Amino acid sequence: MSTKTIVITRPSGQARQLIELLSQTIEKSGITKRSLPDIVSLPLLTIVPKDDEQLANHIASALKDADLAIFVSPNAVESVMRLLERDWQDFSKKIIPIGVMGGSSAMALKNHGIGLELSPTPVVVPKNNEQWDSEGLWQELQSLKWNLPTKKIVIFKGEGGRDWLADTLTKAGAIVEAISTYTRVPLDEKNPAWHAIREMDISKSLWLLTSSEAVRYLGQVANNQLEGLQSASALCPHRNIANAAEAIGFGEVFITEPGDEALIKATLAWLSI
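Analysis parameters
- Residues numbered from 1 in each chain as written.
- Predicted model: local features only at pLDDT ≥ 70, side-chain atom pairs only at ≥ 80, totals over all residues.
- Heavy atoms only, no water.
- Salt bridge = Lys/Arg side-chain N within 4 Å of Asp/Glu carboxyl O.
- Helix = DSSP H or I, 4+ residues; strand = E, 2+ residues; numbered from the N terminus.
- Buried < 20%, exposed > 50% of the residue type's maximum accessible area, 1.4 Å probe, protein only.
- Arc of directions from axis to C-beta.
- Contact = heavy atoms within 4.5 Å.
- Phe/Tyr/Trp six-rings, centres within 6.5 Å; stacked < 30°, edge-to-face > 60°.
- Pairing = 2+ DSSP bridges.
- Axes fitted to C-alpha atoms, helices over the stretch in contact; angles between N-to-C directions.
- Patch = residues over 30% accessible without salt bridge, like charges linked within 9 Å, V, L, I, M, F, W, Y side chains within 5 Å.
- Areas by Shrake-Rupley, 256 points an atom, 1.4 Å probe, with all protein chains shown as cover.
- Lys, Arg positive; Asp, Glu negative; His and termini not counted.
- Charge placed at Lys NZ, Arg CZ, Asp CG, Glu CD.
- Parallel < 35°, antiparallel > 145°, perpendicular 65-115°, else oblique.
- Left-handed = near helix turned anticlockwise from the far one by under 90°.

Peer 1: So what exactly am I meant to see when it comes to the pattern of salt bridges here?
Peer 2: Side chains that carry opposite charge are capable of pairing whenever their charged atoms lie near each other. Applying the stated criterion across every chain, the model contains 8 salt bridges. Glu140 serves as the salt-bridge partner of Lys127, at 2.5 Å between the closest nitrogen and oxygen. Taken together, the positions of Lys127 in the loop between β6 (123-124) and α5 (134-143) and Glu140 in helix α5 put the pair 13 residues apart, joining distant regions of the chain. For Lys127, a relative accessible area of 72% translates into the label exposed. When its relative accessible area of 13% is taken as the criterion, Glu140 is described as buried. Glu246 is the partner of Arg239 in a salt bridge, and the nearest nitrogen-oxygen pair spans 3.8 Å. Taking relative accessible area as the criterion, Arg239 reaches 41% and is therefore assigned partly exposed. Taking relative accessible area as the criterion, Glu246 reaches 42% and is therefore assigned partly exposed.

Peer 1: Explain helix α4 (residues 103-111) here, please?
Peer 2: Since the α-helix turns once every 3.6 residues, residues separated by three or four places project in the same direction. Among the residues of α4, Ser105, Ala106, Ala108 and Leu109 are the ones counted as buried. The arc enclosing the buried residues of α4, seen along the axis, measures out at 155°, which places them on a common side. Next to the buried residues of α4 lie β4 (68-71), α3 (74-84), β5 (98-100) and β6. With its phi angle positive at about 80°, Gly113 sits one or two positions after the end of α4.

Peer 1: Is there a simple way to think about the environment of Arg162 in this case?
Peer 2: Within the element layout of this structure, Arg162 appears in the loop between β7 (152-158) and α6 (164-171). Between the C-alpha atom of Arg162 and that of Ala193, which follows or precedes it by 31 residues, the distance is 28 Å.

Peer 1: What is the right way to look at the packing of aromatic side chains in this model?
Peer 2: Two measures describe an aromatic ring pair: the distance that separates the ring centres and the angle between the ring planes. Under the criterion given, the structure shown has 4 aromatic pairs. Their ring planes at 70° and their centres at 5.8 Å tell us that Trp207 and Phe250 sit as a pair that is edge-to-face. A residue pair is termed long-range when its members are at least 10 positions apart, and Trp207 in strand β9 (residues 205-208) and Phe250 in the loop between α9 (239-247) and β11 (252-255) qualify at 43 residues. On the accessibility criterion, Trp207 (0% relative accessible area) is buried. Phe250 sits in the buried class, given a relative accessible area of 5%. Site record: aromatic cluster; members linked through ring pairs are Phe71, Trp88, Phe91 and Phe156.

Peer 1: How should I be thinking about the sheet that holds β6 in this particular structure?
Peer 2: Adjacent strands of a sheet form backbone hydrogen bonds with each other and so pair up, either parallel or antiparallel. On the basis of which strands lie adjacent, the open sheet formed by 6 strands has the order β3-β8-β7-β4-β5-β6 and mixed pairing. The open sheet terminates on both sides in strands that have one partner only, identified here as β3 (45-49) and β6. Relative to strand β8 (residues 175-186), β7 runs parallel, the two being bridged by 7 bridges. From the neighbouring strand, Ile153 faces β8, where its bridge partner is Val176. Packing of α4 onto the sheet brings it into contact with β4, β5 and β6, and relative to β5 it is tilted by some 140°.

Peer 1: Even after reading the chapter, I still don't get a negative patch on the surface, so can you show me in this structure?
Peer 2: Together, Asp51, Asp52, Glu53 and Glu85 line one region of the surface with negative charge. Within the secondary structure, Glu53 is located in helix α2 (residues 53-63). For Glu53, a relative accessible area of 64% gives the class exposed.

Peer 1: Where do I start with the sheet that holds strand β10 (residues 233-236) in this structure?
Peer 2: Strand order in this open sheet of 5 strands is β2-β1-β9-β10-β11, and the pairing throughout is parallel. The sheet is open, and its two borders are formed by β2 (38-41) and β11, each paired with just one other strand. On average, adjacent strands in this sheet sit at an angle of 20° to one another, irrespective of strand direction. Against the sheet, α9 makes contact with β10 and β11, and its axis sits at roughly 175° relative to β11, the strand it touches most.

Peer 1: Explain the packing of helix α1 (residues 12-29) against helix α10 (residues 260-271) here, please?
Peer 2: Helix-helix packing: each pair is described by the crossing angle between the helix axes and the interaxial distance. At a minimum axis separation of 10 Å, α1 and α10 run at an interaxial angle of 45°. Overall, the two elements α1 and α10 adopt an arrangement that is oblique. Here α1 and α10 pass one another in a crossing that is right-handed. Residues Leu18, Leu21, Leu22, Thr25, Ile26 and Ser29 of α1 touch α10, and the partners they reach there are Asp260, Ile264, Thr267, Leu268 and Leu271.

Below is the structure:
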């Protein structure tokens, strides 16, 4: 009987911690004593931070008169902090509040001491983790009842990606500057990581999908050289990602709450089936 396989599709650095937590939790659970699942890393996208002095100077200049900074992901937080190499509150005479879409980005800020200062930087995050997305942050910002036409907002993002929040804030009258601080590089179709995918029993695989863009790229590869997604299962922490997974042909798509804890809990449930 073939072994179940869990496919982690995050970038390598981010996947490592999840794989460790998942492996430990599975072993402690005792639900798979007869046959431990294989856990395979397939980093569909690699995050490449931009690294040049001109961009760092541009960011510092943009922040001087900013009223709000928005980081769209933990990658945005890490790439900006890496570029600037200064404390957040050094960039303006006033403390610049920060908006993030979810808990992972909020944690990334804390790892850099942001929000933990003597006079803490305000961090705006959707209160309901089922709304950890652009729409959820927009609702949270609306509840603050700011006079947006008087505000300058800087958004840190990856190359490409959704522009919904920037467009929405602009329509509300805010001055918005979106700055790309990293790029996403798709996994080469000749990369050895694909070999394990082709060798496994895809009908007994669960794919942990955490990026709509990564899912769309997977669909391109599947069209070229990967068959059987219709018999595979996918686990997604957001409806947009689930929609993308359904669009490329996954036979069974589950939606879970955001965060690694929820992903691991749902994975254990799938393993017990």
